[in-house]
Amino acid sequence: MASSVSSQHDKVLVEANSFARIITLNRPKQLNALSFQMISRLLELFLAYEEDPNVKLIILKGKGRAFSVGGDVATLVRDMRADDWRVGANFFSQVFKLIYLIATYSKLQVSILNGIVMGGGAGISVHGRFRVATENTSFAMPEAALGLFPDVAASYFLSRLPGFFGEYVGLTGSRLDGAEMLACGLATHFVPSAKLPLLEAALCDVDSSDPVIISSIIDQYSKQPSLKELSVYNRLDVIDRCFSQKTVEEIISALEREDVHQSDSWISATIQTLKKSSPTSLKIFLRSIREGRLQGVGQCLVREYRMVSHVMQGELSKDFFEGCRATLLDKDKNPNWEPSKLELIDDGRVDCYFCKVKHEEWEDLKLPNRSKFELPPYAIAKL
């Protein structure tokens, strides 16, 4: 037990500096993939710091070339095979509770996204107040290619991006750089990586939880990056025309019509990406993000927990296990999705993912009670 606690603490490092606490994800060889123990430790720390009047600010960052690639899915699949699907459901329950806490946190969080940010890594950062991108940032939500779907309340934050850019990002798993993250609102600031030590030092000296003051400090080290000429964000008009369609089939048809009218390799590549992803994942995510546009972050997490529990249970589809096999375990990159085609998945099958799981030991997600804290307006707006 003692070694387990020690290992847990080694992978999440804490540094106390005056009024700030710097939390560093410390699993660089695994690109800071989040284990159950790391999630539990983060939850413990965030809860303790919220109660501590001496803590005004939390800085969250990752060691090495990644902020975090998200949940440690390969280990999760192995654990589920050794035990049962509820191990997976329990993992996501803990992750979602942490994300709800971060999204409604009464204190300021500055996430330093100096590297790869994917899946759960986005969940523990994007929901916080400030997200600092750099020239090294690479963001993606690639879950549909794994037979999962963008969760971590992605149906909340992706649905609030300009136009239908969130549908594009979630369905295709497209990578965004730091400039694109800033342009679409996933990042609040862009700071050259060489200036990060100076920024951290300045933030640690501030005795304030005022977002205006913290933002002005980050502004002193920020710059306005230019989008690359071929940036996907320069194609918002095409994205909005195509990804605003009602169904995945109609999105692909719209892209195919665009492909006929203009010679653009990006369009054909986007079509191919969609056709290679799990048809089930695409369909349930599109429904999820459309519902998320009208829901608070807590409602999104409760709904996504139902969805992910069905995915873990594997009775409706085993695409998650097949996607992990093809991408993370055998690495043949040739998943056999079942059902194999979009047209084989009707609305009734999609509906099932949004219903309660029929199992005597399963229950809906219970979110932490936030009523005793005086939440700032930006947190209240998410409820």
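Definitions and limits used
Residues numbered from 1 in each chain as written. Predicted model: local features only at pLDDT ≥ 70, side-chain atom pairs only at ≥ 80, totals over all residues. Heavy atoms only, no water. UniProt positions renumbered as here; feature names shortened; annotations may be inferred. Helix = DSSP H or I, 4+ residues; strand = E, 2+ residues; numbered from the N terminus. Pairing = 2+ DSSP bridges. Right-handed = clockwise from strand over helix to strand, strands pointing away. Buried < 20%, exposed > 50% of the residue type's maximum accessible area, 1.4 Å probe, protein only. Contact = heavy atoms within 4.5 Å. Axes fitted to C-alpha atoms, helices over the stretch in contact; angles between N-to-C directions. Parallel < 35°, antiparallel > 145°, perpendicular 65-115°, else oblique. Left-handed = near helix turned anticlockwise from the far one by under 90°. Nonpolar A, V, L, I, M, F, W, Y, C, P; charged D, E, K, R; others polar.

Under an unreviewed UniProt entry, the chain has the name 3-hydroxyisobutyryl-CoA hydrolase and belongs to Hibiscus sabdariffa. The annotation that UniProt attaches to the chain under Pathway (unreviewed entry) is "Amino-acid degradation; L-valine degradation."

Q: Would you mind going over the UniProt feature "domain: Enoyl-CoA hydratase/isomerase" (unreviewed entry) in the chain in detail, with residue names and values included?
A: UniProt marks residues 21-354 with the feature "domain: Enoyl-CoA hydratase/isomerase" (unreviewed entry), using the numbering shown here. Structurally, residues 21-354 comprises 51% helix and 10% strand, and the distance from its first C-alpha atom to its last is 38 Å.

Q: Let's hear about the pairing of strand β3 (residues 57-62): which residues, and what values?
A: Judged from the six bridges that link them, strand β2 (residues 20-25) and β3 form a sheet pairing that is parallel. The partner of I23 across the bridge, within β3, is L60. Between β2 and its parallel partner β3, the chain crosses via helix α2 (residues 36-51), and the hand of that crossover is right-handed. One ladder, built from four bridges, connects β3 with strand β5 (residues 108-113); its direction is parallel. Counted as the bridge partner of L60 is S111 from β5.

Q: Give a description of helix α16 (residues 319-329) that names residues and reports values.
A: Burial runs high along α16: eight of the eleven residues are buried. Every buried residue of α16 is listed here: D319, F320, F321, E322, G323, C324, R325 and A326. Turning to α16, the residues buried within the fold contact α3 (73-82), α14 (279-292) and α15 (297-313). A positive phi of about 60° marks K331, the residue just after α16.

Q: Give a description of unusual backbone geometry that names residues and reports values.
A: Here E338 and P339 are connected by a cis peptide whose omega angle stands at 0°. Here P339 lies in the loop between α16 and α17 (347-352). The phi angle at A153 is positive, at roughly 60°, despite the residue not being glycine. Tracing the backbone through its elements, the reader meets A153 in the loop between β8 (138-140) and α6 (154-157).

Q: Go over the sheet that holds β8, please, and point to the residues and values.
A: Taking strand neighbours across the sheet as the criterion, the four strands line up as β4-β6-β8-β9 in an open arrangement whose pairing is mixed. The sheet is open, and its two borders are formed by β4 (66-68) and β9 (176-177), each paired with just one other strand. As paired elements, β4 and strand β6 (residues 116-118) share two bridges and run parallel to each other. Bridge pairing links A66 to I116 in β6.

Q: Break down the sheet that holds strand β7 (residues 130-133) for me, with residues and values.
A: In space, the six strands of this open sheet follow the order β1-β2-β3-β5-β7-β10, with mixed pairing throughout. The open sheet is flanked by β1 (12-17) and β10 (189-190), the only strands paired with a single partner. Of the strands in this sheet, β3, β5, β7 and β10 are in contact with helix α10 (residues 211-221), which crosses β7 at around 5°.

Q: Please set out the packing of α2 against helix α4 (residues 86-103) residue by residue, giving values where relevant.
A: One can describe the packing of α2 onto α4 by two numbers: an axis separation of 10 Å at closest approach and a directional angle of 30°. Considering their axes alone, α2 and α4 lie roughly parallel with respect to each other. Handedness of the crossing formed by α2 with α4: left-handed. Of the residues in α4, those in contact with F36, I39, S40, L42, L43, F46, L47 and E50 of α2 are N90, F91, Q94, V95, K97, L98, L101 and I102. Taken together, the residues that form the contact of α2 with α4 break down as eleven nonpolar, three polar and two charged.

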